[in-house]
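A look at the structure
Given next are the chains, with one letter for each unit.
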Amino acid sequence: MKPILSYNGFEQGPIRPPSEAESLLVRITRNCPWNRCTFCGLYKDSKFSLRSVDHVLRDIDTVRFYVDAIESGRKSGASISPRKLSKLSPNGRESDLPALYAASNFVTNGMESIFIQDGNSLVIKPGDMIRILLHLREAFPQVKRVTSYARSHTIARISDENLSRMASAGLNRIHIGMESGSDRILKRVKKGSDKLTQIVAGQKVKRAGIELSEYFMPGLGGKALSRENAMETADALNQINPDFIRLRTLALPASAPLTKQFEKGAFDKMGEVDTARELLLWLENLSEITSTIRSDHMLNLFPEVDGVLPVDKKNMMKPVRDFLDLPLEEQMIFCIGRRTHRMARFSDLNNPVLRNSAQKMCSELGATKTNFDGIIDLIMQRFI
């Protein structure tokens, strides 16, 4: 895949992890080179392409230009409006508003982290990645974290030496979408990797001294493979011991092929209660690892499943167990309350004011014990 040659100004891609909300986004590839996963609809109408390394370096220099202008104005006590800044000309070019906004956000958030986009940027040549990383370090020496998404299949093909070189150049965290450790599920959703590849890739990242964030998707196997999804994923993670495990409960965007399978009856999507059972089984089978679990997305029913293993394991399991012990009507009230922002966490079910608000919402939506999962599916489309 050859890079597109013409430079059209600073670029940012459409997605980043929630943990990178304060990061400068630096786009070195466009979209996803695999783009076949059936649960993802993000890039389905887009083609993958590389950006020229020189264009990426130009992006970095442009942001640095605007950062200097913003910081200079602050030091002098002068109030420099975005309108005035937009008239500045970095390196003889016309103003680049996306770069200006990115620089402003970066400065506001302390300039501590950078996220490299898009979906699998480690697919570029190791030498090119190292060149970009070194330029980032030179432009922003105060940055504490440089992060990227990567596919396990891609990581597994990078030599240990090159991963270590990337780490030395400044790449210190990689996000990998494991989704599941089940070979049957991975094949069904066309993930393009298997359990062994996931393990090999995760261990390679750790061996290189790079922080590893793995993603688990409860519900991805549907009802038939729910237990397998929990058990096989826990086993894979136990062999990797990633620094972070992030939960992304399955939801079905309209553009995802898996959504069409569900609509045709070819995928038996689980509801909230069955997904909670899978989550608990997965937690119960995580053992002898020291990962930090993060439930940092609205797709997850339980934000309380957040802590450090093994010390917080019991506390993370408790709200899930307590939820599963409730009568179905109580489970419905909590699920509707949580999904409509009437409740922020499971303990809110015991708050009379919040509980009453959730009950009213159940009535307004026409939610019953038999249909509330379908109602929630519609609500969740807003958060995908």
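Worth saying up front: this structure is predicted, and the values here are computed from it rather than measured. (Residues numbered from 1 in each chain as written. Predicted model: local features only at pLDDT ≥ 70, side-chain atom pairs only at ≥ 80, totals over all residues. Heavy atoms only, no water.)

1. Thoughts on the overall build of the chain
Counting secondary structure elements, the chain contains 15 helices and ten strands. Its C-alpha atoms give the chain a radius of gyration of 22 Å, within 12% of the compact-globule value 21 Å for 384 residues. Overall size of the chain, expressed as C-alpha extent along the three principal axes, is 65 × 50 × 45 Å. Looking at the chain as a whole, 54% of its 384 residues are labelled buried. Separation of charge centres in the chain, based on 55 positive and 45 negative side chains, amounts to 4 Å. (Helix = DSSP H or I, 4+ residues; strand = E, 2+ residues; numbered from the N terminus. Rg over C-alpha atoms; globule rule 2.2 N^0.38 Å. Buried < 20%, exposed > 50% of the residue type's maximum accessible area, 1.4 Å probe, protein only. Lys, Arg positive; Asp, Glu negative; His and termini not counted. Charge placed at Lys NZ, Arg CZ, Asp CG, Glu CD.)

2. A few points about the sheet that holds strand β4 (residues 113–117)
Taken together, eight strands build an open sheet; the order of strands is β1-β4-β5-β6-β7-β8-β9-β10 and the sheet is mixed. Each edge of the open sheet carries a strand with a single partner, namely β1 (24–27) and β10 (307–308). Strand direction decides the pairing type here: β1 and β4, joined by four bridges, are parallel. Paired with V26 across the two strands is I116, which belongs to β4. (Pairing = 2+ DSSP bridges.)

3. Concerning unusual backbone geometry
Here Q117 and D118 are connected by a cis peptide whose omega angle stands at 5°. Within the fold, D118 resides in the loop between β4 and α4 (126–139). Following L309, the chain continues to P310 via a peptide bond in cis, the omega torsion being 0°. Checked against the element boundaries, P310 lands in the loop between β10 and α12 (313–324). The residue M111 is not glycine, and still its phi comes out positive at about 50°. With respect to the element layout, M111 can be found in the loop between α3 (97–108) and β4. The class of M111 is buried, set by a relative accessible area of 8%. Even without a glycine there, the phi angle at N241 is positive, about 55°.

4. A word on the packing of helix α13 (residues 328–339) against helix α14 (residues 352–365)
Taken N-terminus to C-terminus, the directions of α13 and α14 make an angle of 90°; their axes are 9 Å apart at the nearest point. Between α13 and α14, the angle falls in the class roughly perpendicular. Touching E330, M332, I333, I336 and G337 of α13 are R355, A358, Q359, M361, C362 and L365, all from α14. Of the residues that constitute the contact of α13 with α14, the class distribution is seven nonpolar, two polar and two charged. (Axes fitted to C-alpha atoms, helices over the stretch in contact; angles between N-to-C directions. Parallel < 35°, antiparallel > 145°, perpendicular 65-115°, else oblique. Contact = heavy atoms within 4.5 Å. Nonpolar A, V, L, I, M, F, W, Y, C, P; charged D, E, K, R; others polar.)

5. Some thoughts on the packing of aromatic side chains
In total, this model carries nine aromatic pairs according to the counting rule given. For the pair F302 and F334, a centre-to-centre distance of 5.9 Å together with 25° between the ring planes defines the contact as stacked. Here the residue F302 occupies a position in the loop between β9 (292–294) and β10, and F334 occupies one in helix α13, the gap between them amounting to 32 residues. The same class applies to F302 as to F334, namely buried. Members of the aromatic cluster, joined through ring pairs, are F302, F323, F334 and F346. For R36, the ring lying beneath its charged end belongs to W34, and the centroid distance is 4.2 Å. (Phe/Tyr/Trp six-rings, centres within 6.5 Å; stacked < 30°, edge-to-face > 60°. Lys NZ or Arg CZ within 6 Å of the ring centre and 35° of its normal.)

6. Things to note about the pattern of salt bridges
Summed over the entire model, instances satisfying the criterion amount to 27 salt bridges. Here E20 makes a salt bridge to R145, at a shortest N to O gap of 3.2 Å. Here E20, found in the segment before β1, pairs with R145, found in strand β5 (residues 145–150); they are 125 residues apart in sequence, far enough to count as distant. Ionic pairing is found between E228 and R184, a salt bridge with its closest N-O pair at 2.5 Å. Highlighted residues: E228 in helix α9 (residues 226–240) and R184 in helix α7 (residues 183–188), separated in sequence by 44 residues. One connected set of salt bridges, linked through shared partners, spans E11, R27, R30, R51, D59 and D118. (Salt bridge = Lys/Arg side-chain N within 4 Å of Asp/Glu carboxyl O.)

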